[in-house]
Amino acid sequence: MQSASKAPAAAARQKKPDWNKRFRDFKENAPYLIMIIPAILVVFLFNYLPIYGVLIAFQDFMPGDPILSGETIWVGFQNFTRFFNDVQFWPLMKNTFLLCIIGFIIGFPLPILVSLALNALKHKKAGKVFQTIYTAPHFISLVVLVGMLQLFFGRYGLVNNLAASLGGERISYFLESSAFRPMYILSSNWQDFGWSAVIYIAALSNVDPVQHEAAMIDGATRFQRVLHVDIPAIMPMISVMLIMSIGGLMGVGYEKALLMQTDGNLAVSELIATYVYKRGLTGVPDQAYATAIGLFNSVINVVLLIIANTTSKRFSENSLW
Amino acid sequence: MTVKNPAFKIKESHALKDTKGDKVFFVINAIFLGLLALIILYPLYFIVIASFSDPDAVLGGQVVLAPVNVTFEGYEKVFQRQDIWTGYWNTLWYTVVTVLLALAVTIPAGWGLSRKTTPGKKFWMLYFIIPMFFGGGLIPFYNVMSSLKLINSPWAVILPAVMSVWNLFMTKTFFESSIPEGMLEAARIDGAGKFRTFFSIVLPLSKAIIAVMALYYAVGQWNSYFNAMIFLQDEGKYPLQLVLKEILIASESTVGGSGETILQQYRLANQLKYVSVIVSSLPVLCLYPFVQKYFAQGVMIGSLKG
């Protein structure tokens with residue numbers, strides 16, 4: 001607690017750093033630092049050491065080599081140019097980008113729509129029940145989710161049984177490359193739209209009821225109130241989520257795609273991330289090359305994030321930093 | 001309770017006379033939400049009824065709304081499989097250890113980071129934010145684990161999972177918004193040190209965030225397969241998800257032969273698949289209704305500061 005009379009003294013102290021006081025401050029607050037140390041260590045080991053390990057992308061590296069030593073062979077951007085000339089380069093870029101952008105176009109508005117609909121529901125208890133149902137699939141593991149997809153879309157699965165009973169032909173959806181993206185994206189949405197909606201529902205529950213009442217006095221219908229009260233209220237949240245999503249536009253992970261890959265759909269399901277896994281950890285590993293591809297992908301993501309943030313800052317007050 | 005605020009009166013009287021447009025809107029809205037609920041529930045329901053129906057009926061498409069020729073043959077088969085039980089046991093202890101370590105790391109760190117006077121606070125904030133947006137990628141991560149001699153060790157599955165930067169920031173936000181300054185000041189005046197304050201004042205007030213974090217870390221570890229797949233070599237160490245992967249994710253392309261043999265393989269395998277989906281998801285799904293309010297709470301805590 002700093003009283004007004006002490007303020008000038010504090011200002012004077014700031015000019016001449018009082019090392020004794022600083023030391024006392026540090027000693028008094030050191031317990032906070034000690035509490036953070038385990039987290040610092042874990043992040044150092046599993047986040048920062050790998051960032052340092054990225055150096056091998058610029059080397060001629062064999063598994064087991066030290067990252068820096070007298071014998072390190074530096075090759076500059078050779079691994080990157082090799083990737084740009086790889087026959088797989090454009091297909092990988094295209095597959096990754098299309099999967100992300102289509103997923104984004106469907107997956108971004110859906111939770112917003114659901115949260116608005118839930119918020120407009122008259123019976124609040126029913127809303128809670130719906131929300132419980134919608135969030136449940138979030139807790140299903142990816143292995144089980146893809147397993148369920150195979151059960152439903154397999155040659156003798158539910159979907160094919162239905163098609164056959166209607167006189168259609170049986171299709172092995174997992175062997176059809178055209179079915180990969182729809183199955184991937186729709187199942188992701190099935191699993192996560194409810195979960196993603198929670199954050200908007202929280203924001204909507206904070207809307208001041210007076211705003212709704214004022215709109216009602218002006219004769220607004222419920223739908224008009226959605227447009228003119230609810231949507232403006234969650235706009236800042238939408239902006240933040242939009243920036244984050246754009247930052248992730250090339251950032252689709254390998255975990256689900258790897259589970260869904262078959263020889264039949266590989267032309268569409270091979271993504272940058274799965275290619276990194278295959279080149280770096282399976283067969284005859286080419287770690288430097290795989291690391292370079294991964295780094296290229298990370299850099300794209302950071303650049304996209306910065307562009308999205310700067311644009312949002314320019315046109316609105318919302319930004320991540 | 002007497003209503004004096006005119007705004008409340010308007011709300012009440014309004015509820016009595018929705019316009020026609022409003023009524024249509026409410027009906028369409030309810031139908032939309034109901035359909036979504038069906039889309040979520042039906043696949044889950046189908047898995048349940050298929051798991052104890054006659055496999056031939058399932059393959060023949062007769063199982064749609066109710067189980068046909070109820071049989072527990074599939075469950076018997078699953079209970080006889082040693083690999084599923086080993087996987088279950090492994091996952092259980094990986095999860096318990098992960099959660100205990102994760103709480104020991106995340107909760108104190110969240111508290112430390114939430115204090116204004118923490119030495120070097122700005123630097124450490126940046127230190128934890130950077131990994132949210134940039135990482136070394138899979139191969140350098142693998143090499144780090146390899147040089148830490150963690151290949152084929154259960155710790156390769158546990159240790160990287162004991163800290164998530166997202167969870168750390170959620171914990172920090174919780175502490176910033178829900179521990180009253182007055183109590184801390186009182187503790188300080190009573191002569192309690194920083195550690196004492198944390199253990200005797202802060203922790204008892206933090207049951208909500210501890211529950212949320214325990215659940216997040218537990219579900220994360222229970223459902224993960226990838227680290228186990230790349231780091232573990234002995235099948236005896238496989239967690240449940242990896243065992244499931246071998247049961248569930250059979251590549252169709254590897255199934256050769258005529259239509260008849262394919263059908264036969266389907267018949268044998270599918271029942272096992274339906275049952276193992278249920279057996280593996282049961283703990284999480286049973287827990288879910290009880291803990292879901294905490295899960296949602298967690299997201300809201302995180303969203304307070306945006």
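Keep in mind that this is a model prediction, so the values were computed, not measured.

A. Region of interest: the overall build of chain B. The helix and strand tally for chain B stands at 15 helices and zero strands. The burial tally for chain B puts 48% of its 306 residues in the buried class. Residue pairs in contact within chain B that sit at least 24 positions apart in sequence constitute 73% of those at least 6 positions apart.

B. Structural context of the interface of chain B and chain A. At the junction of the two partners, chain B supplies 103 residues and chain A supplies 96 residues. In total, chain B and chain A occlude about 8,900 Å² of area from one another, counting both sides; carbon and sulfur atoms represent 78% of this. Ionic pairing is found between glutamate 28 of chain A and lysine 194 of chain B, a salt bridge with its closest N-O pair at 3.3 Å. With 19 residues, the single largest contributor to the side of chain B that touches chain A is helix H15 (residues 259-304) of chain B. Its residues assigned to classes, the side of chain B that touches chain A comprises 73 nonpolar, 22 polar and eight charged.

C. How the structure looks around the domain arrangement of chain A. Residues and elements named next belong to chain A. Domain annotation of chain A identifies domain 1 (4-58) and domain 2 (86-315). In this structure, domain 1 and domain 2 have C-alpha centres spaced 38 Å apart. Each partner contributes to the interface: domain 1 provides four residues, whereas domain 2 provides five residues. Roughly 370 Å² is buried in total at the junction of domain 1 and domain 2, and carbon and sulfur atoms are behind 83% of that figure. Three residues stand out in domain 1 for area buried against domain 2, namely Val54, Ile56 and Ala57, and they jointly supply 92% of the buried area on that side. For the interface between domain 1 and domain 2, the tally reads zero residue pairs in polar contact (both at pLDDT 80 or more). A class-by-class count of the residues in the side of domain 1 that touches domain 2 yields four nonpolar, no polar and no charged.

D. Broad picture of the nonpolar core. Formed by 153 residues in total, the largest nonpolar core has its most connected members in Tyr134 and Met148 of chain A together with Phe46, Trp111, Phe128 and Met163 of chain B. With 11 residues, the top contributor of residues to this core is helix H5 (residues 82-114) of chain B. Setting aside chain neighbours within four positions, we find methionine 148 of chain A in contact with Ile140 and Trp190 of chain A together with Pro43, Leu44, Ile47 and Val277 of chain B. If you look at the next biggest cluster of nonpolar residues, it comprises 18 residues, including Ile199, Ala203, Val226 and Met237 of chain A.

E. Region of interest: a nonpolar patch on the surface. Nonpolar side chains collect at one region of the surface, where Ile34, Ile37 and Leu41 of chain A together with Phe195 and Phe199 of chain B lie side by side and expose about 480 Å² of accessible area between them. Of all the secondary-structure elements, those providing two or more residues to the nonpolar patch are helix H2 (19-53) of chain A together with helix H11 (194-202) of chain B. Looking at the nonpolar patch, the element that brings in the most residues is H2 of chain A, giving three residues. Structurally, phenylalanine 195 of chain B is set in helix H11. You can call phenylalanine 195 of chain B partly exposed: its relative accessible area is 36%.

F. Broad picture of the pattern of salt bridges. Summed over the entire model, instances satisfying the criterion amount to 11 salt bridges over all chains. Across the pair aspartate 83 of chain B and arginine 81 of chain B runs a salt bridge, and its minimum N-O distance is 2.8 Å. Overlapping salt bridges bring together Arg82, Arg279 and Asp286 of chain A as one network.

G. Quick peek at the confidence of the model for chain B. Residues and elements named next belong to chain B. Considering every residue of chain B, the mean pLDDT works out to 85; 85% of them sit at 70 or more. Scored below 50 in pLDDT, residues 1-14 makes 10 contacts in the model with residues more than four places away or belonging to other chains. Counting interchain partners and residues more than four positions distant, the pLDDT-below-50 stretch residues 253-257 has seven contacts. In the predicted complex, the global pTM is 0.87; the interface-specific ipTM is 0.87.

H. Fine view of the domain arrangement of chain B. All names here are of chain B. Assigned domains of chain B: these are domain 1 (19-74) and domain 2 (78-304). Summarising the inter-unit geometry, the C-alpha centres of domain 1 and domain 2 are found 31 Å apart. Here domain 1 and domain 2 share an interface that buries about 1,000 Å² over both sides, 68% of which is from carbon and sulfur atoms. Looking at the side of domain 1 facing domain 2, the largest losses of area belong to Ile47, Leu59 and Gly74, adding up to 48% of the total buried there. Linking domain 1 with domain 2 are zero salt bridges, by the criterion used here.

I. Quick look at the environment of leucine 148 of chain B. Within the secondary structure, leucine 148 of chain B sits in the loop between helix H7 (138-147) and helix H8 (155-158). According to the relative accessible area criterion, leucine 148 of chain B is partly exposed, its value standing at 33%. Dropping the residues within four chain positions of it, leucine 148 of chain B is found in contact with Leu45 and Phe46 of chain A.

J. Fine view of the packing of aromatic side chains. For the coordinates displayed, the defined rule picks out 44 aromatic pairs over all chains. Plain terms: the ring middles of tyrosine 88 of chain B and tryptophan 222 of chain B are 5.8 Å apart, the flat faces sit at 75° to each other, and that makes the pair edge-to-face. Of this pair, tyrosine 88 of chain B sits in helix H5 while tryptophan 222 of chain B sits in helix H12 (residues 207-223), and the two are 134 residues apart along the sequence. Residue classification places tyrosine 88 of chain B among the buried positions, given a relative accessible area of 15%. Under the relative-accessibility criterion, tryptophan 222 of chain B is labelled buried at 8%. The rings of Phe83, Phe84, Phe89, Trp90, Tyr289 and Phe296 of chain A are connected pair by pair, giving a single aromatic cluster. A cation over an aromatic ring shows up here: arginine 22 of chain A above the ring of tryptophan 19 of chain A, its NZ or CZ 5.1 Å from the ring centre.

Reading the values: the criteria
- Residues numbered from 1 in each chain as written.
- Chains lettered and ligands numbered in written order.
- Predicted model: local features only at pLDDT ≥ 70, side-chain atom pairs only at ≥ 80, totals over all residues.
- Heavy atoms only, no water.
- Helix = DSSP H or I, 4+ residues; strand = E, 2+ residues; numbered from the N terminus.
- Buried < 20%, exposed > 50% of the residue type's maximum accessible area, 1.4 Å probe, protein only.
- Contact = heavy atoms within 4.5 Å.
- Buried area = accessible area lost by both parts, 1.4 Å probe.
- Salt bridge = Lys/Arg side-chain N within 4 Å of Asp/Glu carboxyl O.
- Nonpolar A, V, L, I, M, F, W, Y, C, P; charged D, E, K, R; others polar.
- Domains from an automatic or database assignment.
- Polar contact = N/O pair within 3.5 Å; in protein donor to acceptor, adjacent residues only side chain to side chain.
- Core = buried A, V, L, I, M, F, W, Y, C linked by side-chain atoms within 4.5 Å.
- Patch = residues over 30% accessible without salt bridge, like charges linked within 9 Å, V, L, I, M, F, W, Y side chains within 5 Å.
- Areas by Shrake-Rupley, 256 points an atom, 1.4 Å probe, with all protein chains shown as cover.
- pLDDT = per-residue confidence, 0-100.
- Phe/Tyr/Trp six-rings, centres within 6.5 Å; stacked < 30°, edge-to-face > 60°.
- Lys NZ or Arg CZ within 6 Å of the ring centre and 35° of its normal.

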